[in-house]
Number of protein chains: 2
Amino acid sequence: MLSTMQDVPLTVTRILRHGSTVHGTSQVITWTGEGAPQRRSYREIGERAAQLAHALRDDLGVADDEPVATFMWNNAEHVEAYYAAPCMGAVLHTLNLRLPADQLTWIVNHAADRVIIVNGSLLGLLAPLLPQMTSVEHVVVSGPGDRSLLEGARAQVHEYEDLLAGKPTVYDWPELDERAAAAMCYTSGTTGDPKGVVYSHRSIYLHSMQVNMAQSMGLTDADTSLVVVPQFHVNAWGLPHATLMTGVNMLMPDRFLQPAPLAEMIETERPTHAAAVPTIWQGLLAELTAKPRDVSSLGQVTIGGSACPPSLMEAFDRLGMRVCHAWGMTETSPLGTVARPPAHAIGTEEEFGYRLTQGRFPASVEARLVGPGGDHLPWDGESAGELEVRGPWIAGAYYGGAGGEVLRPEDKFSEDGWLKTGDVGVISPDGFLTLTDRAKDVIKSGGEWISSVELENALMSHPDVAEAAVVAVPDEKWGERPLATVVLKENATADYQALRAFLAASVAKWQLPERWAVIPAVPKTSVGKFDKKVLRRQYAAGELDVTQL
Amino acid sequence: MLSTMQDVPLTVTRILRHGSTVHGTSQVITWTGEGAPQRRSYREIGERAAQLAHALRDDLGVADDEPVATFMWNNAEHVEAYYAAPCMGAVLHTLNLRLPADQLTWIVNHAADRVIIVNGSLLGLLAPLLPQMTSVEHVVVSGPGDRSLLEGARAQVHEYEDLLAGKPTVYDWPELDERAAAAMCYTSGTTGDPKGVVYSHRSIYLHSMQVNMAQSMGLTDADTSLVVVPQFHVNAWGLPHATLMTGVNMLMPDRFLQPAPLAEMIETERPTHAAAVPTIWQGLLAELTAKPRDVSSLGQVTIGGSACPPSLMEAFDRLGMRVCHAWGMTETSPLGTVARPPAHAIGTEEEFGYRLTQGRFPASVEARLVGPGGDHLPWDGESAGELEVRGPWIAGAYYGGAGGEVLRPEDKFSEDGWLKTGDVGVISPDGFLTLTDRAKDVIKSGGEWISSVELENALMSHPDVAEAAVVAVPDEKWGERPLATVVLKENATADYQALRAFLAASVAKWQLPERWAVIPAVPKTSVGKFDKKVLRRQYAAGELDVTQL
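First things first, this report covers the structure right here in the doc. Just so we're clear, the structure is a prediction, and the values are computed from it rather than from any experiment.

### Structural notes on the pairing of strand S3 (residues 67-71) of chain A
Residue and element names in this part refer to chain A.
Thinking step 1. Across the 5 residues of S3, 5 count as buried, placing the element largely inside the fold.
Thinking step 2. Pairing of S3 with strand S4 (residues 91-94) involves 4 bridges; the strand directions are parallel. The residue bridging Ala69 from the neighbouring strand is His93, located in S4.
Thinking step 3. Viewed along the sheet, the connection from S3 through helix H3 (residues 76-88) into S4 turns out right-handed.

What follows is the structure, given as structure tokens:
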């Protein structure tokens, strides 16, 4: 039997058409740092996206399927690029301006970006890299900034506003296949080269619907969302798309990401929702403590990127800013889970615990836990395994470069096509995810997994221990066993037997480390995370003073 | 460039898997009319849907793609059928038990239904029709009712619970194409034969996401929805699917649709949401006036099917039951528009006006107004045209019967595939629809349209007029002109000139009727709507006493 439904593609174009007409009076409000913010209606965004598309096609010769790179803050012009490129049939490529220079140039060359739209205030970062970005032919500059930094550049330089001026405010957007590429974003690549994720029109459309479901962020045109999470990072968690779908206003901080201007924009523009990583909120909290502001408008704060410390959540609760945890990654568009407590827990002691989990899976994100032996584990809140996910906005491969085949490395994708997240955790029977470790930091001991994070947390609660890092080291009998490295507090002495006995109170006996070492400090990455690679290397090289109990 | 997203189908199976696991403790609560309601968890619904699928396949030989008909009230067993049939690869076919006998038998034979699941309480309706339903081989009876009514039936008779008993509670659901048929529903066919609409897995999935968007009904697992709108009518507005997607509990009235039991179930089960047509709510309002109940749980009431009278909306507002208008039809799955006022109108004088419109289009429903000359009209809140819609859950054809081609009658579908709704109205610049007429009731006069409903409403506000119906009659010069037929109040006399002058105060001069007739009563259809066919026929036959001014 044939369905009699219309076959209508789910496209970013549909979101733009809808947002710029039905919600034509909703706004992108961009902070300017001085005087009134810039206000641009969705009707104007639609008109300017059309002008930009004409400019990209007619003046810069952007072809179908070609990437259009952006090196920009969160602002109205970046939103225009978000729609112009995909709707004309090209592909938006957001460049992460926080990446090291070598990764940025690698990414631009790998994507063969010919056009980069850049904020003037970021020319100091981009201009020095341009000589190595060999594919770039056109640099389009938007907003204030010193253009002289581009003097002598091989690429042609254009003013964003000059390109748009006089162009038609309508564009005959093509009807696209919903599975066509719409946008791309590279993962930061802590190991190996960065990897490109290419979102489709379909994945963006479905993700936008999910963001607006009451179960997720549940936004409507009565909301204004303060989008702190960068547009260069996983599509700002999908907000620039979800907003036009339902008329939510966007408040964009541009380059003003410091606590003081954020506090000021919350007080004056009264957003009802905000989204950012915990560090931003830690800074804001300190600012609000030093200089109280009226932040009462902000009823819902989405926190993701890394786990929100309970103390931060409690502090925000006291300020009336209700924190909602969410989990995802570049490969998951990113919405993977949202920690809205189940109805039965609301108002009970269980509620806070649910809010501290990574969250609950929505219907479109299937999840499974894979144990050390490759077996699928039950959702019992206890069995820990690597999280694998599947769904219409989850990556099933990486971009292989212009003309290349897509890549499906087997450490990233299962044989049956699920994404291996590299995260280890447990899932409760009601579908709440709690992450405990990165898979690479888990100790695989005799077919069982030992959580390094659990051991570290237990060790760090000992009065003599300042910091502790636990890593897997090879073991003839068990495959791997934990090595505990500890940084002692001043005047404390190393009593490994005592520390081991202390640990025994909180973890199973077979998980207790036999190998111990005192170290002066835990090596850290550039973003302050424990760099366990270094410890493993030091151990292998015999550079640590290890005691075996 | 290829998207790197996974290609995962949007299927009803995904909704069932999710609902019966992540939301396994949410419930279908079915009213039994005596003692405690029946409570069945979504986990049990999943298990019993698997058992039913085994029974349909193994015992009744249901093949892929074959329709499985239901003749049932809203209850847990009907929800089980809603999932078993589509998830096993068959097609749920809900039969509208309010249809006349001849239409019902026509529909069953047209769909070639071999299996009908029926509630025992409906055997009195179904049994007499079975001899004419020549395709039916199996009747499966669920719930209380007199089985002896089926004695002598040609079809095999089965007990629903007997079929399920002992069957495995898991089923190896196939991975289906999202465009495969999942469910079908025939329109009631006021003109011509009933027409079958076949929903796909994709259309149901997307529609469920929309229902749960904050902009639409915005339901979560903290909600219990009182589903009064029948499951045999456009999938109960999508609620049995939307609920399992987010864990919303369903409160099902079964056959207890009278005001008193409805009031009782609201008071005792405390639903937070309810959905039904206005007549149900009129009855409930009278009941609550006669016998006040605590209905304070019911924060949101979705009203559709026909326009909600302002007085009813105001009365419900006073009881704390916030009415939200929605518009749709069998061909639109049905969610077409939802009347949530725009943010700027909330708390202002404009708000109520917005709530009285049919509602605002969501991103997935494209709309256009087509004028009398076939031209597309602006969304200016004034230009009236026939509404045409397009979208992934909108029908683009009708079912052609087993083995037949799909049907695309040109009075129902435009050349470019849009659905002609047959409704005439205006759309505001911000995308709110106000319907004024059925297209067939509009008077096409000299290339312009005259609204019969507008003339009728104006006439009925005259103190001498009890009822008025305006129909199009042929006119040599103008093509069509309005004929005004009026029912006078007792002791009033017909003064057509005075009535015409009265009308002139509210409509344009060229719209004023020249032809007038007094009639004893306006002919009505079985559901109480004006039956204008009869008037047009009487006029054509010269049976009306027409005065020409």
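### Here's the deal with the interface of chain A and chain B
Thinking step 1. Every contact between the two is made by 74 residues of chain A and, on the other side, 74 residues of chain B.
Thinking step 2. Taking both partners together, chain A and chain B bury about 5,700 Å²; carbon and sulfur atoms supply 56% of that area.
Thinking step 3. Considering only the side of chain A, the residues that lose the most area to chain B are A:Met1, A:Met5 and A:Gln6, jointly responsible for 16% of the buried surface there.
Thinking step 4. At the boundary of chain A with chain B, the tally comes to 10 salt bridges.
Thinking step 5. Between A:Arg360 and B:Asp221 there is a salt bridge, with the nearest N and O atoms lying 3.3 Å from each other.
Thinking step 6. On inspection of chain A and its partner chain B, the count reaches 43 residue pairs in polar contact (both at pLDDT 80 or more).
Thinking step 7. Put simply, the parts of the chain that give the side of chain A that touches chain B at least two residues each are helix H1 (12-21), strand S8 (181-186), strand S9 (196-200), helix H7 (201-211), helix H9 (239-246) and strand S19 (385-390) of chain A.

### Examining the nonpolar core
Thinking step 1. With 171 residues, the main nonpolar core has A:Tyr83, A:Leu387, B:Tyr83 and B:Leu387 as its most contacted residues.
Thinking step 2. Every residue in contact with A:Tyr83, bar those within four places of it in the chain, is listed here: A:Val12, A:Ile15, A:Leu16, A:Ala49, A:Pro240, A:His241 and A:Leu244.
Thinking step 3. Formed by 60 residues, the second largest nonpolar core is a distinct cluster that contains A:Ile29, A:Ala111, A:Phe256 and A:Leu288.

### Remarks on the pairing of strand S24 (residues 465-475) of chain B
Thinking step 1. Counted residue by residue, S24(B) has 8 buried out of 11 residues, so it is predominantly covered.
Thinking step 2. Two successive antiparallel strands, S24(B) and strand S25 (residues 479-488) of chain B, enclose a turn made up of 3 residues.

### Concerning the packing of aromatic side chains
Thinking step 1. Taken as a whole and assessed by the stated rule, the structure comprises 14 aromatic pairs over all chains.
Thinking step 2. For the cation-ring pair, A:Arg368 lies above A:Trp418, with the distance from its terminal atom to the ring centre recorded as 4.0 Å.

### Describing the relation of the copies chain A and chain B
Copy one and copy two of the chain differ by a rotation about a common axis and a shift along it.
Thinking step 1. With an RMSD of 0.2 Å, the fit of chain A onto chain B corresponds to turning through 180 degrees and sliding 0.0 Å along the axis. Each copy turns onto its partner about a two-fold axis. Residue A:Met213, judged by its C-alpha, is the member of chain A lying nearest the rotation axis, at 1.9 Å.
Thinking step 2. Taken together, the interface assignments show that 100% of the residues at the interface of chain A recur at the interface of chain B, consistent with an identical surface on both copies.

### Re the side chain of A:Glu269
Residues and elements named next belong to chain A.
Thinking step 1. Mapped onto the fold, Glu269 is located in helix H10 (residues 259-269).
Thinking step 2. Residue classification places Glu269 among the buried residues on the basis of a relative accessible area of 16%.
Thinking step 3. At a separation of 2.6 Å, a polar atom in the side chain of Glu269 contacts the side chain of Arg39.
Thinking step 4. Each residue touching Glu269, except ones within four places of it in the same chain, is listed here: Ile29, Trp31, Pro37, Arg39 and Leu251.

### Quick look at helix H10 (residues 259-269) of chain B
Thinking step 1. Taken together, the buried positions of H10(B) are occupied by B:Pro261, B:Leu262, B:Ala263, B:Met265, B:Ile266 and B:Glu269.
Thinking step 2. On its buried side, H10(B) packs onto strand S1 (27-30), strand S2 (38-41), strand S10 (224-227), strand S11 (249-252) and helix H11 (278-290) of chain B.

### Structural notes on the pattern of salt bridges
Thinking step 1. Throughout the structure, instances matching the rule amount to 68 salt bridges over all chains.
Thinking step 2. Where B:Arg368 meets B:Asp416, a salt bridge forms, and the shortest distance between an N and an O atom there is 2.8 Å. Within this pair, whereas B:Arg368 is found in strand S17 (residues 366-370), its partner B:Asp416 is found in the loop between strand S19 (385-390) and strand S20 (419-427), the two being separated by 48 residues in sequence.
Thinking step 3. B:Arg368 sits in the buried class, given a relative accessible area of 11%.
Thinking step 4. In this structure B:Asp416 comes out as partly exposed when scored by relative accessible area, which is 48%.
Thinking step 5. Here B:Lys524 ties to B:Glu467 by a salt bridge, and the two come within 3.1 Å at their closest N and O atoms. Of this pair, B:Lys524 sits in the loop between strand S26 (515-518) and helix H16 (532-540) while B:Glu467 sits in strand S24, and the two are 57 residues apart along the sequence.
Thinking step 6. Each of the salt bridges in this network shares a partner with another, and the network as a whole consists of A:Asp7, A:Glu178, A:Arg179, A:Arg202, B:Asp7, B:Glu178, B:Arg179 and B:Arg202.

### Overview of the sheet that holds strand S6 (residues 138-142) of chain B
Residues and elements named next belong to chain B.
Thinking step 1. Strand order in the open sheet formed by 7 strands is S7-S6-S5-S3-S4-S8-S9, with mixed pairing between adjacent strands. Edge positions in the sheet fall to strand S7 (156-159) and strand S9 (196-200), since each has one partner strand and no second. Across the sheet, the mean angle from the axis of one strand to that of its neighbour is 25 degrees, orientation sign disregarded.
Thinking step 2. Alignment of strand S4 (residues 91-94) against strand S8 (residues 181-186), held across 2 bridges, turns out to be parallel. The residue bridging Leu92 from the neighbouring strand is Ala183, located in S8.
Thinking step 3. Its contacts with the sheet put helix H4 (residues 101-111) on strand S3 (67-71), S4, strand S5 (115-119) and S8, and the angle it makes with S8 is roughly 155 degrees.

Conventions we followed
- Residues numbered from 1 in each chain as written.
- Chains lettered and ligands numbered in written order.
- Predicted model: local features only at pLDDT ≥ 70, side-chain atom pairs only at ≥ 80, totals over all residues.
- Heavy atoms only, no water.
- Buried < 20%, exposed > 50% of the residue type's maximum accessible area, 1.4 Å probe, protein only.
- Helix = DSSP H or I, 4+ residues; strand = E, 2+ residues; numbered from the N terminus.
- Pairing = 2+ DSSP bridges.
- Right-handed = clockwise from strand over helix to strand, strands pointing away.
- Contact = heavy atoms within 4.5 Å.
- Buried area = accessible area lost by both parts, 1.4 Å probe.
- Salt bridge = Lys/Arg side-chain N within 4 Å of Asp/Glu carboxyl O.
- Polar contact = N/O pair within 3.5 Å; in protein donor to acceptor, adjacent residues only side chain to side chain.
- Core = buried A, V, L, I, M, F, W, Y, C linked by side-chain atoms within 4.5 Å.
- Phe/Tyr/Trp six-rings, centres within 6.5 Å; stacked < 30°, edge-to-face > 60°.
- Lys NZ or Arg CZ within 6 Å of the ring centre and 35° of its normal.
- Least-squares fit on C-alpha atoms with pLDDT ≥ 70 in both.
- Axes fitted to C-alpha atoms, helices over the stretch in contact; angles between N-to-C directions.

Just geometry here; none of it tells us what the structure is for.
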